[in-house]
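Listed below are the residues making up each chain.
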Amino acid sequence: MNVEAERPSTTVADSNVFATLRGGGRIWAVAAVRGEHARLCALHARLAQELQPGDQLVYLGDYLGCGAPVLQTIDELLTFRRAFIARPGVEVDDVVYLRGTQEEMWQKLLQLQFAPNPAEVLRWMVDHGIAPTIAAYGGTVDEGGNAIRDGILALTRWTSQLRQTMRNHDGHTTLMSVLKHAAFTDDNALLFTHAGLDPTRPLSAQVDTFWWGSSLFAGMDEPYSGFKLVVRGADRRNGGVVYGPFAVTLDSGSGHGGTLTAACFGADGSILQVLEA
């Protein structure tokens, strides 16, 4: 399962894909939210009390979908970020957002007119929780289905309207544009992902694995590519929170009837504190 150690570069091009965090300090990671606005607010209230100068904060994706209050959830993410970076000593780059399954689906939905089989794609997305996001930005699944039947021009108008409605909500489009595929510390100690990775492939070759996951992640029995620990925020198999020696899963089921979890990691990968809401 070992792959050759690969030190991620920090070029401008890579900065659009990966976020670099400072090593040597505490990093808080927030698991998949999935539209659970009330849980996110409760977790933020506790985080506000626990965050210390020098801490960094990583959200591990899946902000949209599943839960109904999608708009309020995104607004809460943006509001808390503003409050956190306003603290003395906190830098803009100390808050990182990763792209999750829901955000990947949403971006694909906004380009649905280019899909060779849009009806099938839309049905699959609805089965995986995208309907509340469509509703939040002013559409319905039925409207999408009708547009598909009416042809590419109608479908383009439908997706364009969803995109425009999203632009009308301050900060929402900007947030979607800055989502990262993964985040790692500059000392190559900790790696944060949405749904894990394939431990047999180098970081640059993970492609869609970052948001769709790999069945091999849970069985990692050695460090991945030199990292002490890999942390993911979502598990499509709903296996719950798992703390392993080389891999951690923080998904406690938010959006599916479970709680929302955040964990604080030390520089060596040790878990210093866990919060649930």
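What you see is a predicted model, and the numbers here were worked out from it, not measured in a lab.

### Details of the nonpolar core
Formed by 47 residues in total, the largest nonpolar core has its most connected members in Val 30, Leu 47, Tyr 59, Ile 74, Trp 106, Leu 109 and Tyr 137. Ranked by residues supplied to this core, first place goes to helix 3 (residues 70-85) with seven residues. Filtering out sequence-adjacent residues up to four positions away, Ile 74 remains in contact with Tyr 63, Leu 64, Tyr 137, His 172, Leu 175 and Met 176. Counting 19 residues, the second largest nonpolar core, distinct from the first, contains Leu 60, Ala 183, Leu 229 and Val 231.

### What about the packing of aromatic side chains?
Using the criterion set out here, one finds eight aromatic pairs in the structure. Ring geometry for Tyr 59 and Tyr 97: centres 5.1 Å apart, planes at 15°, overall stacked. Of this pair, Tyr 59 sits in strand 3 (residues 56-59) while Tyr 97 is found in strand 4 (residues 95-97), placing the two residues 38 residues apart along the sequence. Ring centres 5.4 Å apart and planes at 70° place the aromatic pair Trp 124 and Trp 212 in the edge-to-face group. On the criterion of sequence distance, the pair formed by Trp 124 in helix 5 (residues 118-127) and Trp 212 in helix 10 (residues 209-212) is long-range, its members being 88 residues apart. Assessed through its relative accessible area of 36%, Trp 124 is described here as partly exposed. Overall, Trp 212 belongs to the partly exposed group, its relative accessible area being 23%. Ring pairs connect the aromatic residues Phe 18, Phe 184 and Phe 210, which therefore count as one cluster. One residue, Arg 99, lies across the ring of Trp 211, its end atom 5.8 Å from the ring centre.

Conventions adopted
Residues numbered from 1 in each chain as written. Predicted model: local features only at pLDDT ≥ 70, side-chain atom pairs only at ≥ 80, totals over all residues. Heavy atoms only, no water. Core = buried A, V, L, I, M, F, W, Y, C linked by side-chain atoms within 4.5 Å. Buried < 20%, exposed > 50% of the residue type's maximum accessible area, 1.4 Å probe, protein only. Helix = DSSP H or I, 4+ residues; strand = E, 2+ residues; numbered from the N terminus. Contact = heavy atoms within 4.5 Å. Phe/Tyr/Trp six-rings, centres within 6.5 Å; stacked < 30°, edge-to-face > 60°. Lys NZ or Arg CZ within 6 Å of the ring centre and 35° of its normal.

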